[in-house]
Amino acid sequence: MNAEKAFNAYLAGGLPRWSRIAFLLTGDRHLAEDLVQITFERVARHWERIVAGGDPDPYVRRIMHSQHVSLWRRRWRGVELWSRPPETPVDDPTAATDRAVVVRQALARLAPRQRAVLVLRYFEDLTEAEAAKVLDCSVNTVKSQTRDALARLRLLAPELGELVGGTELR
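Now for a look at the structure at hand.

**Remarks on the overall build of the protein**
Point 1. Helix and strand counts for the protein come out as 9 helices and 0 strands.
Point 2. Put simply, the protein runs from its N terminus to its C terminus through helices and strands in the order α-α-α-α-α-α-α-α-α.
Point 3. Across the protein, every contact between residues at least 6 apart in sequence was considered, and the portion connecting residues at least 24 apart equals 61%.
Point 4. Of the roughly 11,100 Å² of accessible surface on the protein, a fraction of 54% belongs to carbon and sulfur atoms.

**Overview of the nonpolar core**
Point 1. Counting residues in hydrophobic clusters, the biggest one holds 37 residues, and the most contacted among them are W18, L25, F40, V43, M64, L110 and L118.
Point 2. Elements supplying a minimum of two residues to this core: α1 (3–26), α2 (29–45), α3 (47–52), α4 (57–74), α5 (95–108), α6 (112–123), α7 (128–135) and α8 (139–156).
Point 3. For this core, the element with the highest residue contribution is α1, accounting for 7 residues.
Point 4. When sequence neighbours within four positions are dropped, the list of residues in contact with F40 reads F7, Y10, L11, W18 and V60.

**A short note on α8**
Point 1. Taking 1.5 Å of rise per residue, 18 residues should cover 26 Å, and α8 covers 25 Å from first to last C-alpha, within 8% of that figure.
Point 2. Taken together, the buried positions of α8 are occupied by V142, Q145, T146, A149, L150, L153 and L156. Taken end-on, α8 shows its buried residues confined to a sector of 130 degrees, consistent with a single buried face. Of the residues in α8, the exposed ones pointing more than 90 degrees away from the buried face are N140, R147 and L155.

**Thoughts on the packing of aromatic side chains**
Point 1. Evaluation of the coordinates by the stated rule reveals 4 aromatic pairs.
Point 2. Between the aromatic rings of Y10 and W47, the centroid separation amounts to 5.2 Å while the plane-to-plane angle is 40 degrees, which identifies the pairing as tilted. Pair noted here: Y10 is in helix α1 and W47 is in helix α3, with a separation of 37 residues, a long-range link.
Point 3. Through successive ring pairs, a cluster of aromatic residues spans F7, Y10, F40 and W47.
Point 4. Here R17 stacks its cationic end above the ring of W18, 4.4 Å away from the centre of that ring.
Point 5. Over the face of the ring belonging to Y122 we find R121, whose NZ or CZ atom lies 5.8 Å from the ring centre.

**A closer look at unusual backbone geometry**
Point 1. The residue D125 is not glycine, and still its phi comes out positive at about 55 degrees.
Point 2. Examined against the element boundaries, D125 turns out to sit in the loop between α6 and α7.
Point 3. For D125, a relative accessible area of 64% corresponds to the exposed category.

**Observations concerning empty space enclosed by the protein**
Point 1. Applying the stated criterion across every chain, the model contains 1 cavity of 30 Å³ or more.
Point 2. Roughly 30 Å³ of internal volume is contained in the largest cavity.
Point 3. Secondary-structure elements contributing two or more residues to the lining of the largest cavity are α1 and α5.
Point 4. Ranked by residue count, the leading element in the lining of the largest cavity is α1, at 4 residues.
Point 5. Its residues placed into classes, the lining of the largest cavity shows 5 nonpolar, 2 polar and 2 charged.

What counts and how
- Residues numbered from 1 in each chain as written.
- Predicted model: local features only at pLDDT ≥ 70, side-chain atom pairs only at ≥ 80, totals over all residues.
- Heavy atoms only, no water.
- Helix = DSSP H or I, 4+ residues; strand = E, 2+ residues; numbered from the N terminus.
- Contact = heavy atoms within 4.5 Å.
- Areas by Shrake-Rupley, 256 points an atom, 1.4 Å probe, with all protein chains shown as cover.
- Core = buried A, V, L, I, M, F, W, Y, C linked by side-chain atoms within 4.5 Å.
- Buried < 20%, exposed > 50% of the residue type's maximum accessible area, 1.4 Å probe, protein only.
- Expected span 1.5 Å × (residues − 1).
- Arc of directions from axis to C-beta.
- Phe/Tyr/Trp six-rings, centres within 6.5 Å; stacked < 30°, edge-to-face > 60°.
- Lys NZ or Arg CZ within 6 Å of the ring centre and 35° of its normal.
- 1 Å grid on protein atoms, 1.4 Å probe; cavity = no way out; pocket = protein on both sides within 12 Å on 5 of 7 lines; lining within 4 Å.
- Points joined across faces, edges and corners; volume = space filled by probe spheres on them.
- Nonpolar A, V, L, I, M, F, W, Y, C, P; charged D, E, K, R; others polar.

And the structure:
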């Protein structure tokens, strides 16, 4: 299989997963689409070298998280002016949707590094060592960022503890 076909097959097979991860990182569908596009544009440039090294997932994950931080740093933090108030979203009555909204809002209020640590550890099921490798930091930094992020989540969204079977968020 040539490199272009292999890349297209990898992209087609993994796009939903990478899109979901990008959405969890950004909290916005449009920013997530941009993040996936930027990530795979960079991956496409070096595809042959990436697959020669084995599994491309760690490389793609690292690029995505690095690009997310870069986009977050460049984003304008000014006030957005609207000619009329934005429409308020209608709450979906299902519990899964409510949980997703609460999780998304809570993640959006965390610092980018804390958000990245939680996404890597709990949504991508990476070990502390794997998350440290992706974020290019020590395992102790991952541990402390996880601890701080969970403590902040306890303050920001205490209802998350109730949504997970009545147990406290740990």
